[in-house]
Amino acid sequence: PLLINLVIIAMVVFADRLGIYSLVWGFLLGTLFKVIYMAIVIQRDGFNFAARVSFDPSVLKAFLVLALPLIGSELVANSNLLVDQVMATQLSPGSVSTLRYAMRINDLPIQIVVIGLTRAIFPFISDQALSGDHDGLRHVFSRGVVFLGFLTFPITCVIALFSEDIVTILLQRGAFDEAATRGTAATLVLYGLGLFFYAYSFLNATFFSAMKDTKPLFYMGCLSVVSNIGLNLLFMRLIGVQGIALSTTVLLALNSMVFFVLLRKR
């Protein structure tokens, strides 16, 4: 992913005459370089692109049974972000940007640490699930939850105490003034309150995937979209754009509790 960022920065610096399109071209070229780099790496590791591909219908069917609900749950989860932004257009000017900026800052520790953690433990818990080692699964799960607590709770406290300072350092320049900073900081605090539940959702999905039980992810995703709309309408009327952030935090907490119960039963 670093390749994409470097190319985007290069395009902004050296192709600024393109305006906003320099970001688009930077993303496209960076993605191309990333694909080329990864192709070279896996070929060096012994992957043969010219090898004949054979399909086992039973394996393909088993794969699709697992993959389609998982893909559906991801689409549904991302649609919640779109729903939030669409509903924010009903509020005062700048609300969509406020929501997006706050969400991206809150998302940073998840992208850097939590996603890496869940990807790293997936092979281990897959082996445990296949061998029926429930004690091992419970051990990894409990340690994972404790780790997420140690990671996210201090970050939540830092966000609550220094949200305006964080937003000022990262964003306050140009047309982004003090009023925009205060609004984004208040929204960031409400997102930050749900940071643990947001992190848990990735750990939770990893365990369901390892146990080859992805349908609950899809069903809960569909239910969360409906719930998200209702909670947005409720909290928007009370505190405006910050209500959408609060709605997301409440929804993540409710989803986490339901998933915890389902996972414990399994």
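Keep in mind that this is a model prediction, so the values were computed, not measured.

Enquirer: Where do I start with the overall build of the protein in this structure?
Expert: The helix and strand tally for the protein stands at nine helices and zero strands. The order of helices and strands in the protein, counted from the N terminus, is α-α-α-α-α-α-α-α-α. Its C-alpha atoms give the protein principal-axis dimensions of roughly 60 × 50 × 30 Å. A burial count over the protein gives 36% of its 266 residues as buried. Within the protein, residue pairs in contact and separated by at least 24 positions form 72% of the contacts whose partners lie at least 6 positions apart. Accessible surface, the protein as shown: approximately 16300 Å² in total, 70% of it carbon and sulfur. Charge separation in the protein, taken as the distance between the mean sites of 18 positive and 14 negative side-chain charges, equals 7 Å.

Enquirer: What is the right way to look at empty space enclosed by the protein in this model?
Expert: Empty space left among the atoms is revealed by rolling a probe the size of a water molecule over them. Inspection of the entire model under this criterion finds one cavity of 30 Å³ or more. By volume, the largest cavity is sized at about 50 Å³. Every residue along the wall of the largest cavity is listed here: Leu-81, Asp-84, Gln-85, Leu-99, Arg-100, Met-103 and Tyr-191. Counted by class, the lining of the largest cavity contains four nonpolar, one polar and two charged residues.

Enquirer: How should I be thinking about the pattern of salt bridges in this particular structure?
Expert: Working definition: two side chains of opposite charge can pair if their charged atoms are close together. Enumeration according to the criterion identifies three salt bridges in this entry. For Arg-138, the salt bridge is made with Asp-135, and the minimal N-O distance between the two is 2.4 Å. Of this pair, Arg-138 and Asp-135 both sit in helix H5 (residues 134-171), separated by three residues, roughly a single helical turn. Accessibility assignment for this pair places Arg-138 and Asp-135 in one class, exposed.

Enquirer: Can you help me understand helix H1 (residues 2-14) in this one?
Expert: Every α-helix winds through 3.6 residues per turn, so residues three or four apart in the chain are directed the same way. For H1, with 13 residues, the first-to-last C-alpha span of 18 Å sits near the 18 Å given by 1.5 Å per residue. Contact partners of the buried residues in H1: helix H2 (21-44).

Enquirer: Can you help me understand the packing of aromatic side chains in this one?
Expert: The relative placement of two aromatic rings is captured by the distance of their centres and the angle of their planes. The final tally for this structure, using the stated rule, is ten aromatic pairs. On the basis of an interplanar angle of 75° and a centroid distance of 5.0 Å, the ring pair of Phe-47 and Phe-49 is categorised as edge-to-face. For Phe-49, a relative accessible area of 47% gives the class partly exposed. Seen from their ring centres, Tyr-101 and Phe-176 are 5.5 Å apart, and the 75° between their planes marks the pair as edge-to-face.

Enquirer: I tried to follow the layout of surface pockets on my own but got confused; where do I start?
Expert: In this structure, the largest pocket spans a volume of roughly 1200 Å³. Around the largest pocket, the lining is made up of 40 residues, and of these Glu-74, Ala-77, Tyr-198, Ser-201 and Phe-202 lie nearest the centre. Those elements giving two or more residues to the lining of the largest pocket turn out to be helix H3 (57-88), helix H4 (95-131), helix H7 (195-210), helix H8 (215-239) and helix H9 (241-265). Broken down by element, the lining of the largest pocket gets its largest block of residues, ten residues, from H4. Residues that form the lining of the largest pocket fall into these classes: 16 nonpolar, 18 polar and six charged. Taken as a whole, the second largest pocket spans an internal volume of roughly 560 Å³. Mapped by element, the contributors of at least two residues to the lining of the second largest pocket are H4 and H5. Per element, the largest residue contribution to the lining of the second largest pocket is ten residues, and it comes from H4.

Enquirer: Please explain a negative patch on the surface as it appears in this structure.
Expert: Side chains of Glu-164, Asp-165, Asp-177 and Glu-178 sit close together on the surface and give a patch of like negative charge. Within the secondary structure, Glu-164 sits in helix H5. What makes Glu-164 partly exposed here is its relative accessible area of 41%.

Conventions adopted
Residues numbered from 1 in each chain as written. Predicted model: local features only at pLDDT ≥ 70, side-chain atom pairs only at ≥ 80, totals over all residues. Heavy atoms only, no water. Helix = DSSP H or I, 4+ residues; strand = E, 2+ residues; numbered from the N terminus. Buried < 20%, exposed > 50% of the residue type's maximum accessible area, 1.4 Å probe, protein only. Contact = heavy atoms within 4.5 Å. Areas by Shrake-Rupley, 256 points an atom, 1.4 Å probe, with all protein chains shown as cover. Lys, Arg positive; Asp, Glu negative; His and termini not counted. Charge placed at Lys NZ, Arg CZ, Asp CG, Glu CD. 1 Å grid on protein atoms, 1.4 Å probe; cavity = no way out; pocket = protein on both sides within 12 Å on 5 of 7 lines; lining within 4 Å. Points joined across faces, edges and corners; volume = space filled by probe spheres on them. Nonpolar A, V, L, I, M, F, W, Y, C, P; charged D, E, K, R; others polar. Salt bridge = Lys/Arg side-chain N within 4 Å of Asp/Glu carboxyl O. Expected span 1.5 Å × (residues − 1). Phe/Tyr/Trp six-rings, centres within 6.5 Å; stacked < 30°, edge-to-face > 60°. Patch = residues over 30% accessible without salt bridge, like charges linked within 9 Å, V, L, I, M, F, W, Y side chains within 5 Å.

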